[in-house]
Amino acid sequence: MTSFRSRLLAAAATAMALGTPVQAAEPVRTAPVATPTASTQEFIALGVARLRQGRPAEARDLLLRASANPAEAGRWAPLLEEASFWAELSEGRRLMALGQQEAAGLLLARAVRRDTSGRAEAEALLGRLELARGDAREAEARFRAANYRRPGLGAVREGLLDSLRRQGRIAEADALLGEPEAPLRADALRQEADRTEEPEAALALLRGALAATAEGSPANAWARLDLARSLARQGRTSEAREVMAAGPTARPELLQAAALFAGEDGRPVEGIRLLERLPDRLRSADQASLLRSLRLQVDVAAAMVRPPAEARAALLAIAGRADGGGEAGLRALRALLRLEQRDALEEATRLALEASRAGAAALRVALAEALADAGLSGEAAAMVRPLMAAEGVETARRRRLAGLAEPSLAIRQEAPGPVATQAEAPHPFHASRDPRVAARVAEAVLRRDPRNAGARMGAVEAAVALEDLPAAEALLAEGRVLHGSDPRLSVAEARLARAQGDGRRAQAALLLAADQRRAQIAPAGAAAGARPAGRRTMLAGGGQGSSFEPLDANPAGAAAGGVTPTQLRASDDPLLAEIGRQLAEVNELAAGRAVPSFAFRSRSGSNGLDRLREHGGGAEAAMPLPGLGGELSARVQAVNIDAGRLDSGLSNLRRFGTNPVLLPGSAGFLADAQATALRPRDQSVTGTAIGAAYARSGVTVDLGSTPLGFREQRLLGGIEFTPRISENIQLRLRGERRSVTDSLLSWSGTRDSASGTVFGGVTRTTGRAQVEYSANQISAYAGGGYSSITGRNVADNNRLEASAGIGYAVMRSPTRELTTGLDLSYYAYDRNLRNFTFGQGGYFSPQTYINASVPIDYRERLGNFAYHVGASLGVANFREKSSPVFPTDPGLQSTLDQQAASDTSIATRYGSQRSTTLTAGLRADVEYALTPVLRIGATARYDRSADFNETRALVYARYRFDP
């Protein structure tokens, strides 16, 4: 104990000598329980160590003990302020998760008044609280304050948009939407860093966020600011300053971020210098406000180091300055409080209220809150009591007044009792984008410390990403023994179950995670009552079955206290919100569904030949397979196709079946009876298609048939495998056999009127591979395939295809997206079989087809309503070779050649052609959620390609069977 005590005291002495407590306390990594006889230096060093380890409540209590020594209280006040802020923020989040909004609001309101770098998080939480209360105006103010201190965060932006929309200020909301957004990955990592309790984990996430932004972009500046703040909280000030270095060519956003950090870092003069590099006319409103605030900070700091009488006079002069928001009076009051010049407080408040242009009521409340924070609750209550009886006081302000006028409602900081401060090593977080690297790091940590829960979560995540599911299962089984009640382990189990395709197991794991987390954050004594009736069972290899067996017959009711995924997502506890998000997704997969639909399709062409009208109705039902994993679905679809009535003209009849050898040339005579006999009999066909499919973990297999009732019956099906190569790259491999549905001849097959022989019923057997890339706002794909095409009494054919494209999200948010790009396609058939005589296939089959098109698509979700509209415009060039009239029957072709020798009006081959045309497409989708389990929707498509066009429509309902 002596060696430890010596090391501890040495660290504390160095900290006080250098004025850099966090750096100096780096050696303090473990400590026993602090005793009543511990010295001030020990409390300081231990408090600094706990703050660095991300345990602010312990740090606050230890620093409060140290501050009990009047000689040291002022010196360590900023450190105590920081520890108190993070402790209050953590407790505020917990209270919000428990639904205790009033208590959470009071605590967070105090937190935002503290002079720390993290105030934006508390402002954002208060904004969410005000939205939940229905006060959009106050929520807007909170979100704007958060955005001022921490710009570019997606959650703050969305909160501000919501606030504006609720106030009917649509134009302002649209203007905000037009501003550039941070890359989705960078924004997600910044927000994940907020939810991470481990300092080193937060640093790793923030470095990842910085790497995901483009150098010189606004998002890069804001990611730098987050990283620098996190480094500074760790005491790594020199690193933080390097991150925020703003060179001569720095853009305005980086200058603003660097100035914000400089002010928080105690270098307001440097912040002023940075902002003054921007000409007045180019400064934004936030930048101008920050510059005024930094100048005021310099003036207050200069006044505080003067002799007491001069300091008093200087601060009263500052309090009487006229400014736009009352900041001068507020800063002067707080400075007087720190200097213990309480006899000057009354005059300072009078001068501030007289000078403020922001409104005496707002400033009076802010000044009263400053007094209350300093322990002058009586003075604060006296200051605001006249406002309580005033008319027209806003709801949010009246709520703040209530907490001031009734001192018992104020948050108190009392001297703590003995504090257990046994050290706990931080849990490592592996933010590497390469799961192989993450796995190696996690395994190394686990070898040293098998009980390290954070490393175990990282190892499970990495194993799942690498598709080493047995290893993930083993890690989980061991983790259950060591960390049986950790909700993060249950979330990791859900991730594994989803990778295995076992939706029921994932659902059960997430329900348990919600229960565990609620028990974890509930007040003492309430946890037991929050647990549902259920028991935990050990995993038994292979991941078969659920690891949680609810005693209630309805698993949905086993969520903690019957809480729904929507309620969990609305929680202010980050882990509960994430559990709710995942549970909503899993419910979609784990629940069975039924989808009735009605479809229509129309394809242009000549009546009786290539024209097609299709309509039909059917249903699909799907259900998960809890033991096997994955989902099994079955469908039945009744369909009618109609080609129309072939005109009885001689030229038209010669285009079908064996008619060309039975009919005279164009100068001949055709009797009505002969025309009737040679007209196609199959003008309309009705059938019922059936099929089944199974999908699990990126593999989909389906099996079905052509509609029963069609002329030709074929077994159809396919298999698709989509392995992920890396975080951004996916491979798509597909093998399938499908009907060619261009015409009645190619799909159903038809009977030749003269010979009675059936021909048609074409199927295409295809193998295709495609690589797909997606990162931030960019997506791309490239692929190719080969098809063998056959049919009954139809010439065999082959097709080679290739395609590539790139997409770009011009605008993207959680509720809307605008994308555009470029699509290129090429395919080539060996033979031209687009015609309808015997041996032809009745499908478009050019020898070369090249198309380039530019698509644009817009998607948006408005509450329960979602829609998508899109269009494409392009150009296509295709070439068709000439083709024999009877490609499969040399006898018929020879007879036709002989007839043509004596009648030049008889054609023995179909002509070749080459054409360049415009291509176009229109598309629209709408869907509306009538209830949480029932949705209705419709889709429509129009496409013009080559020398034909096609229109499709679908109306459907989707009903989900909740388990």
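Analysis parameters
- Residues numbered from 1 in each chain as written.
- Predicted model: local features only at pLDDT ≥ 70, side-chain atom pairs only at ≥ 80, totals over all residues.
- Heavy atoms only, no water.
- Helix = DSSP H or I, 4+ residues; strand = E, 2+ residues; numbered from the N terminus.
- Buried < 20%, exposed > 50% of the residue type's maximum accessible area, 1.4 Å probe, protein only.
- Contact = heavy atoms within 4.5 Å.
- Areas by Shrake-Rupley, 256 points an atom, 1.4 Å probe, with all protein chains shown as cover.
- Pairing = 2+ DSSP bridges.
- Phe/Tyr/Trp six-rings, centres within 6.5 Å; stacked < 30°, edge-to-face > 60°.
- Salt bridge = Lys/Arg side-chain N within 4 Å of Asp/Glu carboxyl O.
- Core = buried A, V, L, I, M, F, W, Y, C linked by side-chain atoms within 4.5 Å.
- Expected span 1.5 Å × (residues − 1).
- Polar contact = N/O pair within 3.5 Å; in protein donor to acceptor, adjacent residues only side chain to side chain.
- pLDDT = per-residue confidence, 0-100.
- Axes fitted to C-alpha atoms, helices over the stretch in contact; angles between N-to-C directions.
- Parallel < 35°, antiparallel > 145°, perpendicular 65-115°, else oblique.
- Left-handed = near helix turned anticlockwise from the far one by under 90°.
- Nonpolar A, V, L, I, M, F, W, Y, C, P; charged D, E, K, R; others polar.
- Patch = residues over 30% accessible without salt bridge, like charges linked within 9 Å, V, L, I, M, F, W, Y side chains within 5 Å.

A.B. asks: Report on the overall build of the protein, specifying residues and quantitative values.
C.D. replies: When its secondary structure is counted, the protein shows 36 helices and 23 strands. In the protein, which comprises 963 residues, the share counted as buried stands at 49%. Restricting to contacts in the protein with at least 6 residues of sequence separation, those with at least 24 account for 60%. Accessible area of the protein: about 42,700 Å², with a carbon and sulfur share of 56%.

A.B. asks: An account of the pairing of strand 21 (residues 913-931) is requested, with residue identities and associated values reported.
C.D. replies: Bridge count for strand 18 (residues 865-880) against strand 21 is 16 bridges, and the pairing is antiparallel. The residue of strand 21 that forms the bridge with Gly870 is Arg923. Pairing of strand 21 with strand 22 (residues 934-945), which is carried by 11 bridges, proceeds in the antiparallel orientation. Its bridge partner lying in strand 22, Ala924 is registered against Ala940.

A.B. asks: Which residues make up the packing of aromatic side chains, and what values do they have?
C.D. replies: A full pass over the atoms with the stated rule returns 12 aromatic pairs. Summarising the aromatic geometry, the rings of Phe844 and Tyr849 are spaced 6.3 Å apart at their centres and angled 90 degrees between planes, so their arrangement reads as edge-to-face. Taking the centre distance of 5.6 Å and the plane angle of 80 degrees together, the rings of Phe844 and Phe878 count as edge-to-face. One end of the pair, Phe844, is in the loop between strand 16 (836-837) and strand 17 (848-862); the other, Phe878, is in strand 18, with 34 residues separating them in the sequence. Both residues of the pair, Phe844 and Phe878, count as buried.

A.B. asks: Give me the lowdown on the pattern of salt bridges, citing residues and values where you can.
C.D. replies: Applying the stated criterion across every chain, the model contains 49 salt bridges. Between Arg792 and Glu712 there is a salt bridge; the shortest N-O distance is 2.8 Å. Separated by 80 residues along the polypeptide, Arg792 in strand 13 (residues 778-792) and Glu712 in the loop between strand 8 (699-705) and strand 9 (715-721) bring together distant segments of the chain. Take Glu712: its relative accessible area is 5%, and that puts it in the buried class. In this structure, Arg799 engages Glu801 in a salt bridge whose closest nitrogen and oxygen atoms are separated by 3.0 Å. Taken individually, Arg799 and Glu801 each receive the classification buried, so the pair is uniform in this respect. Here the residues in one salt-bridge network are Arg601, Arg603, Glu614, Asp742, Asp943, Glu950 and Arg952, joined through shared partners.

A.B. asks: If you had to explain the nonpolar core to someone new, which residues and values would you point to?
C.D. replies: With 36 residues, the main nonpolar core has Leu227, Met244 and Leu290 as its most contacted residues. Sorting the residues of this core by element identifies helix 12 (184-195), helix 13 (199-211), helix 14 (218-233), helix 15 (237-243), helix 16 (252-264), helix 17 (268-275) and helix 18 (285-304) as the ones contributing at least two each. Ignoring any residue separated from it by four or fewer positions in sequence, one finds Leu227 in contact with Leu203, Leu206, Arg207, Leu210 and Val243. Core analysis: the second largest hydrophobic core is formed by 27 residues, Ala332, Leu345, Leu363 and Ala366 among them.

A.B. asks: Lay out helix 16 with the relevant residues and their values.
C.D. replies: Taking 1.5 Å of rise per residue, 13 residues should cover 18 Å, and helix 16 covers 19 Å from first to last C-alpha, within 8% of that figure. Taken together, the buried positions of helix 16 are Leu254, Leu255, Gln256, Ala257, Ala258, Ala259, Leu260, Phe261, Ala262 and Gly263. Its buried side turned inward, helix 16 meets helix 9 (136-149), helix 14, helix 15, helix 17 and helix 18.

A.B. asks: I'd like a description of unusual backbone geometry, backed by residues and values.
C.D. replies: Positive phi, close to 55 degrees, is recorded for Asn793, a residue that is not glycine. Along the chain, Asn793 falls in the loop between strand 13 and strand 14 (794-812). Residue classification places Asn793 among the partly exposed residues on the basis of a relative accessible area of 33%. Phi is positive for Ala946, which is not a glycine, with a value near 55 degrees. By the element assignment, Ala946 lies in the loop between strand 22 and strand 23 (948-961).

A.B. asks: How would you summarise the pairing of strand 22 if you had to cite specific residues and measurements?
C.D. replies: Linking strand 21 back to strand 22 in an antiparallel pair, the connection comprises 2 residues. Alignment of strand 22 against strand 23, held across 12 bridges, turns out to be antiparallel. By the bridge assignment for strand 23, Ser945 is matched with Phe948. Here strand 22 folds back onto strand 23, and the loop between the two strands holds 2 residues, one of which, Ala946, carries a positive phi near 55 degrees.

A.B. asks: How would you explain the side chain of Glu123 if you had to name every residue and give the values?
C.D. replies: Within the fold, Glu123 resides in helix 8 (residues 119-133). Residue classification places Glu123 among the buried positions, given a relative accessible area of 6%. A distance of 3.1 Å separates the side chain of Glu123 from the side chain of Arg142, its partner in a polar contact. Aside from chain neighbours lying at most four places away, what touches Glu123 is Val112, Arg142, Ala145, Ala146 and Arg149.

A.B. asks: Run through the side chain of Ser705, naming residues and quoting values.
C.D. replies: Along the chain, Ser705 turns up in strand 8. With residues near it in sequence (within four places) discarded, Ser705 still touches Ala689, Ile690, Arg714 and Leu716.

A.B. asks: I'd like to hear about the confidence of the model for the protein, residue by residue, with values.
C.D. replies: On average, residues of the protein score 79 in pLDDT, and 79% of them are at 70 or above. The lowest-confidence element of the protein is strand 2 (residues 548-550), averaging 30 in pLDDT; the highest-confidence one is strand 13, averaging 96. Of the regions scoring below 50 in pLDDT, residues 1-5 engages in 5 contacts with residues more than four places distant in sequence or in other chains. Low pLDDT, under 50, characterises residues 407-433; the predicted model gives this stretch 71 contacts beyond four residues in sequence or across chains.

A.B. asks: So, the packing of helix 16 against helix 17: which residues are in play, and what are the values?
C.D. replies: Contact geometry of helix 16 with helix 17 gives a least axis separation of 7 Å together with a crossing angle of 165 degrees. Accordingly, the angle class assigned to the pair helix 16 and helix 17 is roughly antiparallel. As helix 16 packs across helix 17, the resulting crossing turns out to be left-handed. Between helix 16 and helix 17, the residues in contact are Leu255, Gln256, Ala258, Ala259, Ala262 and Gly263 and Pro268, Glu270, Gly271, Leu274 and Leu275, respectively. Across the contact of helix 16 with helix 17, the residue classes break down as 7 nonpolar, 3 polar and 1 charged.

A.B. asks: Could you give an account of a nonpolar patch on the surface, naming the residues involved and the relevant values?
C.D. replies: A surface patch of nonpolar side chains, amounting to about 910 Å² of accessible area, comprises Ile725, Ile729, Val771, Tyr773, Ile778, Ile806, Tyr808, Val810, Leu822, Leu824 and Val854. Contributing elements (two or more residues each) for the nonpolar patch: strand 12 (758-775), strand 14 and strand 15 (816-829). For the nonpolar patch, the element with the highest residue contribution is strand 14, accounting for 3 residues. Positionally, Ile778 belongs in strand 13. By relative accessible area, Ile778 is classed as partly exposed at 38%.

A.B. asks: Any details on the environment of Glu121? Residues and values, ideally.
C.D. replies: Mapped onto the fold, Glu121 is located in helix 8. Once the C-alpha coordinates of Glu121 and Phe143 are considered, the two residues, 22 residues apart in sequence, prove to be 9.7 Å apart. For Glu121, the contacting residues outside a window of four places in its chain are Trp86, Leu89, Arg93, Arg150 and Asp194.

A.B. asks: Outline the environment of Ala804, listing residues and values.
C.D. replies: With respect to the secondary-structure elements, Ala804 resides in strand 14. Owing to a relative accessible area of 27%, Ala804 belongs among the partly exposed residues under this scheme. Measuring from C-alpha to C-alpha, the distance between Ala804 and Ala782 comes to 4.1 Å, with 22 residues separating the pair along the chain.

A.B. asks: I'd like a rundown of the packing of helix 14 against helix 16, residues and numbers included.
C.D. replies: It is the contact of helix 14 with helix 16, at a shortest axis distance of 8 Å, that shows an interaxial angle of 15 degrees. With respect to their mutual orientation, helix 14 and helix 16 come out roughly parallel. In this structure, the crossing between helix 14 and helix 16 has a hand that is right-handed. Every residue of helix 16 that contacts helix 14 at Pro218, Ala221, Trp222, Arg224, Leu225, Ala228, Arg229 and Ala232 is listed here: Glu253, Leu254, Gln256, Ala257, Leu260, Phe261 and Glu264. The residue inventory of the contact of helix 14 with helix 16, partitioned by class, reads 10 nonpolar, 1 polar and 4 charged.

A.B. asks: Which residues make up the environment of Leu337, and what values do they have?
C.D. replies: Within the fold, Leu337 resides in helix 20 (residues 327-338). Residue classification places Leu337 among the buried positions, given a relative accessible area of 9%. In sequence terms Leu337 and Ala370 are 33 residues apart; their C-alpha atoms lie 8.8 Å from each other.

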